[in-house]
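Read off the chains here:
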Amino acid sequence: MLDEADGFDLKIEKSSDPITLARGRLEGAPFPKLVVGSTPRVKGLSHLEYREDNADALMRYHIVCPHCEADHPLLWGGKNIAHGFKGGGMGGDMGPVRHVCPHCHGAISQADYLRLWDEGAAWVSDCGAWRYGADAQWRDAGGQAVAPPRHVAFHIWTAYSPQRSWADIVREFIEASAKAQTGDIRSKNRDPTTMSKVRFTNRREKLTRKPSSKARVPWPIWSMSTVPTSRSQNFA
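Cut-offs applied
- Per chain, the residues get numbers from 1 upward, laid out in the order the sequence is written.
- A pLDDT threshold of at least 70 governs which residues receive local features in this predicted model, and a stricter bar of 80 or more applies before side-chain atom pairs are shown or counted, although totals over entire chains, interfaces and linings include all residues.
- Side-chain descriptors were evaluated using all non-hydrogen atoms of the structure, hydrogens and water having been removed beforehand.
- A side-chain nitrogen of Lys or Arg and a carboxyl oxygen of Asp or Glu constitute a salt bridge if their distance falls within 4 Å.
- Using a 1.4 Å probe on the protein chains alone, a residue whose accessible area is under 20% of its type maximum counts as buried, one over 50% counts as exposed, and one in between counts as partly exposed.
- Only runs of H or I of at least four residues qualify as helices and only runs of E of at least two qualify as strands under DSSP, and these elements are numbered from the N terminus.
- In this analysis, rings of Phe, Tyr and Trp, with Trp reduced to its six-membered ring, are considered paired at centre separations within 6.5 Å, and the interplanar angle assigns stacked below 30 degrees, edge-to-face beyond 60, and tilted for intermediate values.
- Expected span of a helix: the number of residues minus one, times 1.5 Å.
- Arc definition: directions from the helix axis to the C-beta atoms.
- By the criterion applied in these results, polar contacts are pairs of N or O atoms within 3.5 Å in which, for protein atoms, one can donate a hydrogen and the other can accept it, and in which residues neighboring in sequence qualify only through two side-chain atoms.
- Remark: nonpolar core denotes a set of buried residues (Ala, Val, Leu, Ile, Met, Phe, Trp, Tyr, Cys) joined through side-chain atoms within 4.5 Å.
- The contact rule is simple, with two residues in contact once any of their heavy atoms fall within 4.5 Å.
- Strands are labelled as partners when DSSP assigns at least two bridges between them.

**Describing the pattern of salt bridges**
Inference 1: Here the structure, examined in full by the defined rule, presents eight salt bridges.
Inference 2: With a closest N to O distance of 3.0 Å, Glu 49 and Lys 43 form a salt bridge.
Inference 3: Look at Glu 49 and you get buried, because its relative accessible area is 16%.
Inference 4: By relative accessible area, which is 28% here, Lys 43 ends up partly exposed.
Inference 5: With a closest N to O distance of 2.9 Å, Arg 60 and Asp 126 form a salt bridge. Of the two residues, Arg 60 sits in strand β2 (residues 57-64) while Asp 126 sits in the loop between β7 (122-125) and β8 (131-133), which places them 66 residues apart along the sequence.
Inference 6: Looking at Asp 126, the relative accessible area reads 47%, which means it is partly exposed.

This is how it looks when you write it as structure tokens:
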């Protein structure tokens, strides 16, 4: 297991990247399994980004909308996007912070989410080929049992955590956006630490700045005791 892998050097002692070296240590093991986790850092220099791009399946945790009963992940959305997080002052919307379903545009509060987050929820691959639910069985989109993918990547971010207020996440976003307009470089830390995304940066910054090792993303407490089983896993 490698934790905070994006804080590692791109190459270890001029030999290879740390994940390739760790995978080499598993050669000959009777039950090989490699788990890599990290807060994503700089785009183009991220070990997690590379692993995610080469995974057989990118899994996201889908909740079931209480309005239309369709499942979807928690999505940030955006100023010109109808779904995702709204309110709390974003885009002039002074209403309460809520998450809007991408299917029916029905809204839920964080209290609603905490009541329903595990009711029919499942890990679902972006390609739609794999699902992994509370029965601990890999299935296809039609519900038939299938073999698990060999290499799985999981994406999860702070909004899923019961220990983190949605209102706080939105407030941090608004504050970071205001700082960005003044040229405050501290605002650039918002994406990797809160949304688990690699951040875009210019070439000069890539060469001269090292990502902070202090970033951590709170993990939610799942009723499903483990994430899906696979021979190779990485978390973003």
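**Focus: the packing of aromatic side chains**
Inference 1: A full pass over the atoms with the stated rule returns eleven aromatic pairs.
Inference 2: Pairing Trp 76 with Trp 157 gives two aromatic rings, centres 6.2 Å apart and planes at 80°, and the pair type is edge-to-face. Of this pair, Trp 76 sits in the loop between β3 (71-73) and β4 (84-86) while Trp 157 is found in the loop between β10 (151-155) and α4 (166-181), placing the two residues 81 residues apart along the sequence. Across the pair, exposure class does not vary: Trp 76 and Trp 157 are buried alike.
Inference 3: Grouped by ring-pair contacts, the aromatic residues Trp 76, Phe 85, Tyr 113, Trp 157, Trp 166 and Phe 173 constitute a single cluster.

**Topic: α4**
Inference 1: Taking 1.5 Å as the rise per residue, α4 with 16 residues should run 22 Å; its terminal C-alpha atoms sit 23 Å apart, in good agreement.
Inference 2: Within α4 the residues assigned to the buried category are Trp 166, Ile 169, Val 170, Phe 173 and Ala 176. The buried side chains of α4 occupy one side of the element, clustering within an arc of 125° when seen end-on.
Inference 3: N-capping of α4 is provided by Ser 165, with a side-chain oxygen placed 3.1 Å from the backbone N of Ala 167.
Inference 4: Gly 183 lies just past α4 and shows a positive phi near 85°.

**Re the nonpolar core**
Inference 1: Counting 28 residues, the largest nonpolar core has Ile 63, Leu 74, Trp 76, Phe 85, Tyr 113, Trp 157 and Trp 166 as its most contacted members.
Inference 2: For this core, the secondary structure elements donating two or more residues are β2, α3 (110-116), β10 and α4.
Inference 3: Look past the residues within four positions of Trp 166 in its chain and what remains in contact with it is Leu 74, Phe 85, Val 97, Arg 98, His 99, Ile 108, Ser 109, Gln 110, Tyr 113 and Ala 159.
Inference 4: Counting residues in hydrophobic clusters, the runner-up holds seven residues, among them Leu 2, Ala 5, Ala 22 and Leu 34.

**Comments concerning the sheet that holds strand β6 (residues 107-108)**
Inference 1: As summarised here, the arrangement of the three strands in space is β4-β5-β6, forming an open sheet in which the pairing is antiparallel. Strands at the two margins of the open sheet, each flanked by one partner only, are β4 and β6.
Inference 2: Looking at chain direction, β4 and strand β5 (residues 98-100) are connected through three bridges and run antiparallel. Along β5, the bridge assignment pairs Lys 86 with Arg 98.

Nothing here speaks to function; it is geometry throughout.
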